[in-house]
Structure formats: C-alpha cells, structure tokens
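What follows is the residue order along each chain.
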Amino acid sequence: MRLITTQLARKGLLVLSRAAAFPALLATSAATWAAPGDAVVDEAKRWVVNMTEGVTAVSREIFDLHMLIFWICVAIAVVVFGVMFWSMLMHRKSVGAKAASFHESTMVEIAWTVLPFVILVLMAIPATSSLIKIYDTSEADIDIKIVGYQWKWQYEYLGEDVSFFSNLTTSQDEIYGRAPRGEHYLLEVDEPLVIPINKKVRFLITANDVLHAWWVPALAVKRDAIPGYINDAWTIVEEPGIYRGQCAELCGKAHGFMPIVVHAMEEQDYNDWLVEKKKEAVEIAKMNELILPLDEMYARGEEVYLQSCAACHGVDGKGGVGPSMVGTAITTGPMQGHVDVLVNGVQGSAMQAFGNQLSELDLAAVVTYERNAWGNNMGDMVQAVDVLNYKKNQ
Ligand code: HEC
Ligand SMILES: [Cu+2]
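Figured I'd write up the structure that's included with this text.

For the rest of this paragraph, the subject is the overall build of the protein. On a plain count of helices and strands, the protein comes out with 12 helices and 10 strands. Across the 394 residues that make up the protein, the buried fraction comes to 22%. A separation of at least 24 residues holds for 63% of the contacts in the protein among residues at least 6 apart in sequence.

Turning our eyes to something else, we now look at the site of ligand 1. Neighbouring ligand 1 are 22 residues, the closest being Cys-309, Cys-312, Gly-322, Ile-330 and Met-351. Counting residues per element, the ones that place at least two in the shell around ligand 1 are α9 (310–313), α10 (335–344) and α11 (360–372).

All right, on to the environment of Glu-156 then. Along the chain, the position of Glu-156 falls in strand β2 (residues 152–157). The exposure class assigned to Glu-156 is partly exposed, which follows from the 16 C-beta atoms found within 10 Å. When residues no more than four places from it in sequence are discounted, the contact partners of Glu-156 are Ile-144, Lys-145 and Ser-163.

Glancing now at unusual backbone geometry. A cis geometry characterises the amide bond from Gln-150 onward to Trp-151, with omega recorded as 0°. One can find Trp-151 in the loop between β1 (142–149) and β2. At Asn-377, a position not held by glycine, the phi torsion is positive, near 35°. By the secondary structure assignment, Asn-377 is in the loop between α11 and α12 (384–393).

Here we come to the sheet that holds strand β4 (residues 193–196). The strand order across the open sheet built from 5 strands is β4-β10-β9-β6-β7, with neighbouring strands paired in mixed fashion. This sheet does not close on itself; its edge strands, each paired only once, are β4 and β7 (221–225). With strand direction ignored, the average angle separating the axes of adjacent strands in the sheet is 20°. Summarising the sheet, strand β6 (residues 212–216) and β7 pair through 5 bridges and their orientation is antiparallel.

As a further point, take the environment of Trp-153. Along the chain, Trp-153 falls in strand β2. Each C-alpha atom of the pair Trp-153 and Phe-164 lies 8.6 Å from the other, and the pair is 11 residues apart in sequence. Contact partners of Trp-153, with chain neighbours within four places excluded, come to Ile-146, Gly-148, Ser-166, Met-258 and Ile-260.

Attention shifts here to the packing of α10 against α11. Remark: α10 packs on α11, axes separated minimally by 10 Å, with the N-to-C direction vectors making an angle of 130°. Regarding the angle of α10 to α11, the classification is oblique. When the axes of α10 and α11 are compared, the crossing they make is right-handed. Here α10 contributes His-338, Val-339, Leu-342 and Val-343 to the contact with α11, which in turn contributes Leu-363, Val-366, Val-367 and Arg-371. Split into classes, the residues belonging to the contact of α10 with α11 amount to 6 nonpolar, 1 polar and 1 charged.

Glancing now at helix α7 (residues 267–287). Three- or four-residue spacings in an α-helix give side chains the same orientation, since the helix completes a turn every 3.6 residues. With 21 residues, α7 ought to run about 30 Å at 1.5 Å a step, and its terminal C-alpha atoms sit 30 Å apart, in line with that. Taking burial as the measure, the 21 residues of α7 include 0 buried ones, a minor fraction of the element.

Quick look at helix α4 (residues 57–90) now. Across its 34 residues, α4 extends 49 Å between first and last C-alpha, which sits within 8% of the 50 Å expected from 1.5 Å per residue. For α4, the tally of buried residues reaches only 2 of 34 residues, placing the bulk of the element at the surface.

On to the nonpolar core, then. Ile-146, Phe-203, Trp-214, Leu-219 and Val-262 are the most contacted members of the largest nonpolar core, which totals 36 residues. The next biggest cluster of nonpolar side chains, apart from the first, holds 19 residues, and it includes Cys-309, Leu-361, Ala-364 and Val-367.

Turning to the pairing of β4, a few remarks are in order. Here β4 shows no split at all, with Leu-193 and Ile-195 on one side and Val-194 and Pro-196 on the other all buried. In terms of strand pairing, β4 meets strand β10 (residues 260–265) through 4 bridges, oriented parallel. Bridge assignment links Leu-193 to a residue of β10, and that residue is Val-262.

So, on to the packing of α4 against helix α5 (residues 106–134). Contact geometry of α4 with α5 gives a least axis separation of 10 Å together with a crossing angle of 165°. Our classification of the angle between α4 and α5 gives roughly antiparallel. α4 and α5 meet at a crossing whose hand is left-handed. In contact with Val-58, Glu-61, Ile-62, Leu-65, Leu-68, Ile-69 and Ile-72 of α4, α5 contributes Met-123, Pro-126, Ala-127, Ser-130, Lys-133 and Ile-134. Class assignment of the residues belonging to the contact of α4 with α5 gives a composition of 10 nonpolar, 1 polar and 2 charged.

Cut-offs used in this document
Residues numbered from 1 in each chain as written. Chains lettered and ligands numbered in written order. Predicted model: local features only at pLDDT ≥ 70, side-chain atom pairs only at ≥ 80, totals over all residues. Helix = DSSP H or I, 4+ residues; strand = E, 2+ residues; numbered from the N terminus. Buried ≥ 20, exposed ≤ 12 C-beta atoms within 10 Å, placed from the backbone. Contact = placed C-beta atoms within 7 Å. Near = placed C-beta within 6 Å. Pairing = 2+ DSSP bridges. Axes fitted to C-alpha atoms, helices over the stretch in contact; angles between N-to-C directions. Parallel < 35°, antiparallel > 145°, perpendicular 65-115°, else oblique. Left-handed = near helix turned anticlockwise from the far one by under 90°. Nonpolar A, V, L, I, M, F, W, Y, C, P; charged D, E, K, R; others polar. Expected span 1.5 Å × (residues − 1). Core = buried A, V, L, I, M, F, W, Y, C linked by C-beta atoms within 7 Å.

Shown next, in the form of structure tokens:
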C-alpha cells in the first residue's frame, strides 16, 4: 500500500512538472508530426496531451475542427465561470449583499435555451462539412480490401492478384521482458501495407471472425471491421513515410498484438513493389511443386510454426490458448486428419482455417514439423502437392 502511495505521489509530481512545460511541448509535437517518415519516439512527444495533426488533408481538417471546438468550449467556460465567480465575490454576505427574490424570468429562460441551440448549430456546420469529406469514398485510384483476423490483418489489392497477411514481428522475448524492448515495440509487422502517395486509396474493411477496427491515427482513418459487412474509408497521403496504427476494437486475447503499418511511397516505387509482389506469387506457386527432404520441411515448418502457431500452442508445443501438440490423437494420428485441422480449422474454436492463409508448402511444412517435433517423432511428412490434392478433393 505504501509503495503504491509513494509511486502515485511520484507520478503526480512528474505530471505537474511536465505540465509546466506544456506550451513548449505542444510546439515540439507539431514539428515531430509534420516531419515525414518514421518519427522517433522522443521524450517530449511522449507527454503531449493534445491530438496529433496527422499527415493528410482530412487529418489536418479534423485537427482544426477539434481546436475550433476546443476554443469555443474554453470561451464558454471563461464566460460561465467568470460570471459565477464574479457573482460569488461581489455579492457575498460580508459586503452586505441582499439576495434578489424574483421568480420565473421569461427572458432568462428563452436566452438560456436559444443561446446553446445557436452555438450547437454553429458548431455543427464545420463538423458536417468535415464528415461529408471523410465519407466521400468516390473516385478512388486504388481499392484495397482489409480483413481483420484474430489476430492479424490481411490486405488484398483488388484487381491486382496481390494479397498477403501482416503479422506482428515483436519477439516473444520482448513481450515477456526477457529482452529489451525495441523502438517499435508492438507496432511492427512482417509485411506492411504499401500504398503510393498522392493517390486516392479506398479501403474496404471487413472481418473474418469477430469485430476489429482498422485505425491509423496519422491518416485519420478509423473504421470498424465487421464480419459479413463492408465499411469503407479513404486516404490520400502526401509524404512518403511509415505510419503505424493498431486494432481499435477489443477482439480477444491478442487484441494488442495486431498492429498496422502503412508504408507510403512514391508512385514509381509502389509500382516496382507491386511487380515484385506479383513475381513472388508466381514463385510461391512454383515452390508448391517442389518435393523437399524431411530436414528442409522440418526447418521450414519450424519457422512457420513460430510465426503463426506458437502464440496459441506455445513455443514448446505444450499449449496455451490452444491445446498441447505433444503426442495427441491428431498430431500422432492419421495424416489426413492433421492436414484437415490445418486447412479447415476447428469450427467454433480459436483454431482458424489456415487453408488460405498459408501457402501449400508452408501448410505441409508445419504439419511435418508438428509430427516430428517435441518427441512426436512420427518420421513421416507431407508435401505441398499432397495438401493441394487434399484441398481439391475435399
Ligand atoms: C488463435 C489461436 C490458435 C492459433 C494461432 C493456432 N491454433 Fe491450433 N488450435 C487452437 C485451439 C483453440 C485448438 C483446439 C480446437 C478444438 O478442438 O476445440 C487448436 C487445435 C489444433 C490442432 C488439433 C489439436 C489436437 O487435438 O491435436 C492442431 C493440429 C493445431 N491446432 C495446429 C495448429 C497449427 C499448425 C497452427 C499454426 C499454423 C495453429 N494450430 C494455430 C488455437 C490456435
Ligand atoms: Cu482486432
């Protein structure tokens, strides 16, 4: 208890001393957010309490609207509290003030109904004009479908045959305090969403399992991802840079582990990236035709396992959110059943269908790994072509 009190006191002092430097901090914040690229978290920014300005026309407009309303509130507060304190001071008993004894002033009643009404209508005018802009998703140059999963995002470039998953890359060691935290702790992914600058990008946002929300503050985009329903949003980023965000709807155990990274680049770089991505897809298709020896499948499977499965089944296969993988009827039983769990998931459980999330090669590798790791020692393996055939024949 004493510890908590002293800690609270210390924290309070810190906040007070920081608050004294508040105006200076506001100025630094504007500078950091205006800078393109990946802003380093500096101590000054950590303590900024105002909203951030963002990097798009819409985000700046929202910021200006926020400031406008803020100053209107300040003005109202000054007037109301001013009158209140002035009356208390000038009409106190010790200077002999006598209370007035009137009842029901029609003038006052009308004034305090009409005045707030007028103020609200005045505030609604700029707010509505901003909202209309935010919701105008027409005439987009690029359409990207975003799907929320427990717990990752999938990005699909419509009409381009490019689709991939974006997974958290912060290591388990950092999360459990066994290694120092990196600069982008819990805000880093293996494959960021890539978009070109100065193009209108429309996002079609939905979810595969439960509610999620796609939120990137710097772009002022925050939209719910709802299973069976598509929400849209848009952005035009003006400066190349890396912008980070998070899922903003409580979506289960690893809600804090599905960050968003948007990499905005020059149009030429974006086009090159797209070409590269399409080549990759062709290569993956080729890889699926390979027949690999057991040790290579095992090594590949271990990588896939650590990336996609360990969060639920444990690094050592002993379980967590999901059951243990050691010596179970599935992992040491018939191959067919094992492949089926991976491809189709287990209905109504956290075990999702990985059939369209992992390549056939990766599916085969992870099954091979599970059957041979942690003392399961089955000695058998599956090849990509087997998984492909299984999918075709089911
Ligand atoms: C979001 C958490 C989660 C992730 C990620 C996950 N699983 Fe599962 N898994 C589960 C749960 C929960 C079950 C138990 C399902 C049931 O039977 O109700 C399960 C069941 C299984 C089973 C069958 C268990 C048995 O009885 O032997 C296998 C095999 C399996 N998972 C493999 C994998 C592999 C391989 C991956 C990675 C590609 C993976 N899982 C990723 C949660 C997860
Ligand atoms: Cu989520």
